[in-house]
Amino acid sequence: MGIKGFIETSFLDWPGKICAVLFLPYCNLRCPYCHNHELVLHPDRFSDFPWDTIQQRLEVLRNWLDGVCITGGEPTLHSDLPELLDRIHGLGLAVKLDTNGTHPEMLEFLISQKLVDYLAMDIKGPLDQKSYGRSAGVRISIPEIKKSMEFILSGRVAGEFRTTVVPEWHTAPVLAQMALELKEAPKWTHQAFNPAQPLDPALRVERGHGFERAANKANGS
Ligand code: SF4
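Keep in mind that what you see is a predicted model, and the values were worked out from it rather than measured.

Asks: Talk me through the site of the ligand; I want residue IDs and the actual numbers.
Replies: Inspection of the region around the ligand gives C27, L29, R30, C31, C34, V40, G73, N100 and K124 as its neighbouring residues. Cavity membership is defined here by more than half of the atoms lying within 2 Å of grid points; on that basis the ligand lies in the largest pocket. The residue makeup of the shell around the ligand, split by class, is five nonpolar, two polar and two charged.

So, in C-alpha cells, the structure goes:
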C-alpha cells in the first residue's frame, strides 16, 4: 500500500492515549476542505516509509505508546490493511482506525477479526444525499455510511464520530439536525475547518472561522 507518513508519538490523534500515526495514501472522496489533499491526489510525491524501519521504531517505543493510529487518505481502500493491523497487534500495540465510512465491508472484516480497537468515523453532514455529497465532494451512498455508523452505534467496536465544521455549511440548524441523527452516538467531536490549504481554493481564509479571520487580520494578511 505504501506508508506515506509516520509520526512516532502523538498526543492528539487518539484522545487520552499516546500513539504513533501512520498515513496511508489515496481517498475516494474529495472533501473541498481536505487539508491532506496532497496525500489524496498526489501520493507519488511522497516516499514510502519501509515497514522494517517503522517496526524497529515501534519496538523501541512500545513501552511508551498505547497504540498506533492509522489515518490517511482513506485506509480502507487498501486490501492489505488487515495485514498491517495484524502486524501492529503483533507488536503488542492497539489500533485506532480513522475512516470516512464508505467501505463498510472492509470495516466488517476488520472488526470481525478484532483488528481494530477504536474506530473514528467522519460524519460529513446531515444524512441526506445533497448535504453529504456537498461536504464529501462526490456522490455518496448514504446506506453505506449508515452501515458503517452502525458498528459504533451498536457497540461492536469502541469509537466516535467526527465532523469537520465549515461554518458556511454547518450552520446551527444543520448541526442540530446532525445531533438528532447522532443522538445514540457514544461520542461526537467537532474539529475546526482549516482554511489555510483546503483542496478547494475557494474555501480559503475568508470562509474560515471567526477566530482564524481575526488571527489573519492581526497578522496583517
Ligand atoms: S475523506 Fe475527505 S477529508 Fe478525509 S482524506 Fe478523504 S478527501 Fe480528505
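Asks: Could you give me a rundown of the environment of S135, with the residues and numbers involved?
Replies: Of note, S135 is situated in helix 5 (residues 129–136). Here the alpha-carbon distance between S135 and E83, two residues 52 residues apart in the chain, equals 31 Å. If we ignore the near neighbours within four places in the chain, the residues touching S135 are C31, P32, Y33, K124, W169 and H170.

Asks: Please provide a residue-by-residue account of the sheet that holds strand 1 (residues 5–10), values included.
Replies: Strand order in the open sheet formed by seven strands is 1-2-3-4-5-6-7, and the pairing between neighbours is mixed. Edge positions in the sheet fall to strand 1 and strand 7 (188–192), since each has one partner strand and no second. Taken pair by pair, the neighbouring strands of this sheet meet at an average axis angle of 20°, ignoring direction. Here strand 5 (residues 118–122) pairs with strand 6 (residues 159–165) via four bridges, running parallel.

Each value, and the rule that gives it
Residues numbered from 1 in each chain as written. Predicted model: local features only at pLDDT ≥ 70, side-chain atom pairs only at ≥ 80, totals over all residues. Heavy atoms only, no water. Near = heavy atom within 4 Å. 1 Å grid on protein atoms, 1.4 Å probe; cavity = no way out; pocket = protein on both sides within 12 Å on 5 of 7 lines; lining within 4 Å. Sits in = over half its atoms within 2 Å of the grid points. Nonpolar A, V, L, I, M, F, W, Y, C, P; charged D, E, K, R; others polar. Helix = DSSP H or I, 4+ residues; strand = E, 2+ residues; numbered from the N terminus. Contact = heavy atoms within 4.5 Å. Pairing = 2+ DSSP bridges. Axes fitted to C-alpha atoms, helices over the stretch in contact; angles between N-to-C directions.

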